[in-house]
Amino acid sequence: MWHHLRKLIVDGKPMSRLPENPLILVDGSSYLYRAYYAPPHLTNSKGEATGAVYGVVNMLRSLLRQFSPERIVVVFDAKGPTFRDEIYPEYKANRPSMPDDLRSQIAPLHAVIEAMGLPMIALPGVEADDVIGTLAVEASKRGEKVLISTGDKDMAQLVDDNITLINTMTDTVMDREGVVDKFGIPPELIIDYLALMGDKVDNIPGLPGVGEKTALALLQGIGGVEKLLADPDATVELGFRGSKSMPNKLREHAEEARLSYELATIKLDVEHQISEDDLKLKTQDRDALIKLFGELEFKRWLSEAMDSRTAASGSSASESAAPAEAVKGEYECILDQASFDGWLEKLQQAELIAFDTETTSLNYMQAEVVGVSFAVGAGKAAYLPFGHDYLDAPAQLERDAVLAQLKPLLEDANKAKVGQNLKYDASVLARYGIELRGIAFDTMLESYVLNSTLTRHDMDSLSLQYLQHKTIKFEEIAGKGAKQLTFNQIPLEQAAPYAAEDADITLRLHQCLWPKLEAEPGLKQLFEKVELPLVSILSKVERTGVRIDSSLLSAHSLSLSERIGELEKQAHEVAGEAFNLSSTKQLQQILFEQMELPVIKKTPKGAPSTAEEVLQELALDYPLPKLILEHRGLVKLKSTYTDKLPKLVEPSTGRVHTSYHQAGAATGRFSSTDPNLQNIPIRNEEGRKVRQAFVPEEGYKLVAIDYSQIELRIMAHLSGDKGLLTAFAAGEDIHRATASEVFDQPLEQVSSEQRRSAKAINFGLIYGMSAFGLAKQLHIGRQDAQQYMDRYFERYPGVLDYMERTREFAQAHGYVETLFGRRLHLADINSRNGMRKKAAERAAVNAPMQGTAADIIKKAMIAVAEWIDQRDNDDVRMLMQVHDELVFEIKQELVDALVPKLVELMESAVTLDLPLVAEAGVGDNWDQAH
C-alpha cells in the first residue's frame, strides 16, 4: 500500500499524482503477447519456452512492488469468438494463430499467477479490454481510483478523472493530461481516432488513406466520426493534404467508419458476477511458487521464494539452511573421540561417502584444513572441527591425530567418495601428506557433463536447480568484504550446520544427478573415462606449478610503461588535445564529436560504441583508433601479466600455480585463473616476452607439444569429405591445398595472398562465418567472398553436407554432440530472433569441433599422466595445458629420448579417419619451446 503520494512521469515529464491503493486491473493478454516477442527469449533445460511467462510475471512483480495493492485482478481473453466476430466476421482475421511455443506457456503462467495470490478472470464472448473497461468504469462511478496496467493504446479511451493507465514495460503513466500529450486529443476522442485510422492487426477497416496526421487534423478541426459524417464538406476548409477529396471519402465509406467505431469501442456493460472479494489479493502459495520457479528455471525468483518461505517460518539462518528432509534428521558436530570412533565405523560401512573440507583460504597452496564433513545418507551428516581458534571454543580433537586416523580411509581406493569440486579438496589434503583416492563421483562434473549451459555448477546453484533448496551462503555466517571471517574464526554453532550441509547436499545432488547420467550411456562414459580421471591429474599439475623469471617480467613492465606513455603522447598529438585514453566518454567525444569518425555501432543507450571490434574496423582507415587499440592491449598485458605474475609466485615453491576450471567453458575446454594461461597473447612481441618469463628448473628444459590444425582435422573427420581427408593424408599444406582448389591454381603456383585467403576460408567455415564476415576479414566485396565460399563447397561438398546436417540436428534436439558424446546445448537454435538464431547456428557448426578438440587433449592428458606415473620418477613433469598444447618440464639429458614418446602418446590418444599430428618444441623458456 502507498503511504504517500507519488509524482509519476509520462514521457519524461511530471504529471498528476495518484492516490494510494487504487484498484489495479491488469491486461494480461496484452502483456502476454508483448512479453513473447520481447527479449529475453528464454527456454529451460527441457527446451520449453519460458520467456513470455518470465516477462508477464516480471511485470506483475513490478506492480506488486510499486503499489502493494489490496485489490488487483489479471484479465485474459477467453477462448472462442466474441460479439465483435458476430458484428464483423473479418474481425482479427489477419491475425496469425497463436504460436505453439506461446500456447505452451499459458498454463504455467496461469499457475504462477494463481500461486502469487493474484485473482484472474477470463469471460467468454468478450475480450479482456471489455472486462477491464466494465470493471474500471463501475469503480470510477463509485468514485474509486483505478489503475489499468496495459500496453494497449486502445485503453486510452477509458481514461477519466479516476482512471489512469500504466505501462509497466516502458515505465510510463497516462492520466487525462497524459492522453492529450501523447495523442493530441482527449480520451473522449480516442475511439474516433481508432475508427478513422483503422487497425491492420485487428483488421478494423477505418477510412482508406487516413493515417495519424489526417485523423488528428479531422478530430481537432471538426470533431468525432458522427460530426464528420454529418457535415463532410466542412473538412475541405481544414486545408490539410488530401482535404479536398475527404468529403467524398467520408460519404463513400460512412458505413465502414461507423463499423470501425463500433469495433474499436470497449464494451462497458459486460455482465459478470465478479464481487469485491474476487478482486482482493490473496496470500501467496510459496511452496507452489518454489515448485513452479524450479520447473521454469527462474533461479533468482526461486531463491527469493525460498528466502520468503524461510522468513515466514521464523527459522534462524542456521535452521533454515538445512534441507527440508534433513530438518527431521540430525547434523552432528563431532567433538570427542567416542563420537569420532562412531563416525569412523559409519564411514567404513557406508557404500558411498560424501566428503568435504573446510579451510582458511581458496588458494589450495596456502589453505589450512579447519575441519572435515561427511554424509552417509540423506540428512545423516556430521562436521568434525579441529582448527577453530576463537576464544571460547569447546574442546576440539587435535588436527594431526584426526588426519592420521582419516588417512587410511581417504587413501583407500576401494572406499567410494563423492564431493563437489574434489580437485580442491585433493590439493589441500596433499599438503598434509594425504593422497585422496577412491574419487568415484564429483557433483560439479556430473552437472557439467549432463548440461554444461543449464546453470553454474557451484553447490548453491545446483542445490537450487535440482533440489529446490537454498543452502546457507558463506557470507551469511562469515560476513562480507574486508571484515569477512575465515572459517577457523566462525563459531561452531554456525560452522557445523554450514559444513554438514555441504556434505549432505553433495550426497543428495549425486543421488539426483547420477540416475540422469546413467540414462545417457554416452554422457556416463564421458564422465567416467574423461572428466573424473582428470580430477587427480589436474590437482597434480596445479600443485607442480611453473617457474617464472620475475626479474625479466619487471624489466618488461618498465618497457611497457614507457611504450604506453609514448602511445598516450602520440594519441594526444593526433587528437589535438590531452584526454584519458581509458575513458569511454572522453573517447566517444574525441572520436565521434570532434574528429567526426563514422559511427559503426551504438551502445544499448544509443551512444557511439568504442568496443574492440569497432576500433579494429576504424583502425583500418584512421590512426587514432589504431593507437587506442595498441594502448589498450599493452595496458591489459601489463596489469594482467607483467605486474601481476610476480605477485602470484608461491613462496614455498617459487612457482606460480594456476587453477584449472573443468566446469567452465560450455565446449569442454578448460579455463584457468590466477594466472589465466589461456589468454597470454602470442601474436605480438610483447606477449611473447611474457612467455619468455616461463622458465624450467635448473637442469631441465621446457617442452611444448601442440596439435597441428586439430580443428580442421576434426572437420575432415566429422564431414568425411574425401578432398580434405586426401589432402591431410598426403601431408599437404591444407591452406595451400584449399587455395589450389578454390582459386583453380596448380599447387606450386599458389601465391601467399591466395594461401592467406584460403586460411581465412578454412578457419572461417569452422566458426560458421558468413560471406559477409569473410568479405569483412579479407577486405573484399561480399559477392567475391560468396564466390570463394561457393567454390569451396563445390570442391569439398562433404563439408557443406556436414554443416547442414549439424544445423538440422541442433534444431531438432536443441544440442549438438562431439565425437565422444559431449552435448553442447544451444538455447537459441530455434529462437524467433534472427540474429540469435544465426549465432546459435554458427555455434552448432563450431561447437562439435571445439568440443572434440577439448575431449582429445583431455584424453591425451590422461594417457600422458598414466605414462608419467608408471615411470615413478621426476624426469618429466606436466606443467600446463593451454588450448591444444601441453607443456612439460623434462630433464635436459632425457629430452631427446622422452619427447618422441610424448608425441606418440598425444597422436594416438584417439583414432580418427586421418592422422593426428603433434609438433614438439624445446627451449629454455615457453616462447622458445612454442
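A brief structural summary.

Rules behind the numbers
- Residues numbered from 1 in each chain as written.
- Predicted model: local features only at pLDDT ≥ 70, side-chain atom pairs only at ≥ 80, totals over all residues.
- Heavy atoms only, no water.
- Helix = DSSP H or I, 4+ residues; strand = E, 2+ residues; numbered from the N terminus.
- Axes fitted to C-alpha atoms, helices over the stretch in contact; angles between N-to-C directions.
- Left-handed = near helix turned anticlockwise from the far one by under 90°.
- Contact = heavy atoms within 4.5 Å.
- Buried < 20%, exposed > 50% of the residue type's maximum accessible area, 1.4 Å probe, protein only.
- Pairing = 2+ DSSP bridges.
- Salt bridge = Lys/Arg side-chain N within 4 Å of Asp/Glu carboxyl O.

Looking now at unusual backbone geometry. The amide bond that connects Asp 674 to the next residue, Pro 675, takes the cis arrangement and shows omega of 0 degrees. Its identity as a non-glycine residue notwithstanding, Gln 709 has a phi of 45 degrees, on the positive side. Its location among the elements puts Gln 709 in the loop between strand E20 (700-707) and helix H28 (710-719). Its identity as a non-glycine residue notwithstanding, His 883 has a phi of 55 degrees, on the positive side.

Turning our attention to the packing of helix H35 (residues 834-871) against helix H36 (residues 895-907). Contact geometry for H35 and H36: axes closest at 8 Å, N-to-C directions at 140 degrees. Two packed elements cross with a definite hand, and for H35 against H36 that hand is right-handed. Contacts between H35 and H36 pair Ala 860, Ala 863, Val 864, Trp 867 and Arg 871 from the former with Leu 898, Lys 901, Leu 902, Leu 905 and Met 906 from the latter.

Of all 9 residues making up strand E11 (residues 369-377), 8 are buried, and the element is well covered by its neighbours. In the sheet, strand E10 (residues 353-359) pairs with E11 via 6 bridges, with the strands oriented antiparallel. Within the sheet, the bridge partner assigned to Thr 357 lies in E11 and is Val 372. As paired strands, E11 and strand E12 (residues 380-385) are joined by 6 bridges and run antiparallel to one another. Bridge pairing links Val 372 to Leu 384 in E12. In this antiparallel pair of consecutive strands, E11 and E12, the connection spans 2 residues, and Gly 379 shows a positive phi of 80 degrees.

Any two side chains of opposite charge can pair, given that their charged atoms come close. Counting across every chain of the model gives 51 salt bridges. For the salt bridge of Arg 508 with Asp 504, the shortest nitrogen-to-oxygen distance reads 3.0 Å. With Arg 508 and Asp 504 both in helix H21 (residues 492-518) and 4 residues apart, the pair spans about one turn of that helix. For Arg 508, a relative accessible area of 9% gives the class buried. Between Asp 874 and Arg 877 there is a salt bridge, with its nearest N and O atoms 2.5 Å apart. A relative accessible area of 12% places Arg 877 in the buried class. Via salt bridges that share partners, Arg 655, Glu 697, Asp 874, Arg 877 and Glu 889 belong to a single interconnected network.

Right, let's get into the sheet that holds strand E19 (residues 694-695). Strand order in the open sheet formed by 3 strands is E16-E15-E19, with antiparallel pairing between adjacent strands. Strand pairing shows two members of the sheet lacking a second neighbour, strand E16 (655-656) and E19, which therefore form its edges. Pairing geometry for strand E15 (residues 546-548) and E19, over 2 bridges, is antiparallel. Looking at the pairing, Ile 548 lines up with Phe 694 of E19.

Before going further, it helps to examine the sheet that holds strand E14 (residues 439-442). Spatial ordering of the open sheet is given by E9-E12-E11-E10-E13-E14, a layout of 6 strands whose pairing is mixed. With partners counted over all chains shown, the strands left at the sheet margins are strand E9 (330-333) and E14, one partner each. Strand-to-strand twist in this sheet, taken as the mean axis angle between neighbours without regard to direction, amounts to 25 degrees. Against the sheet, helix H17 (residues 422-430) touches E10, E11, strand E13 (417-419) and E14, its axis set at about 60 degrees to E10.

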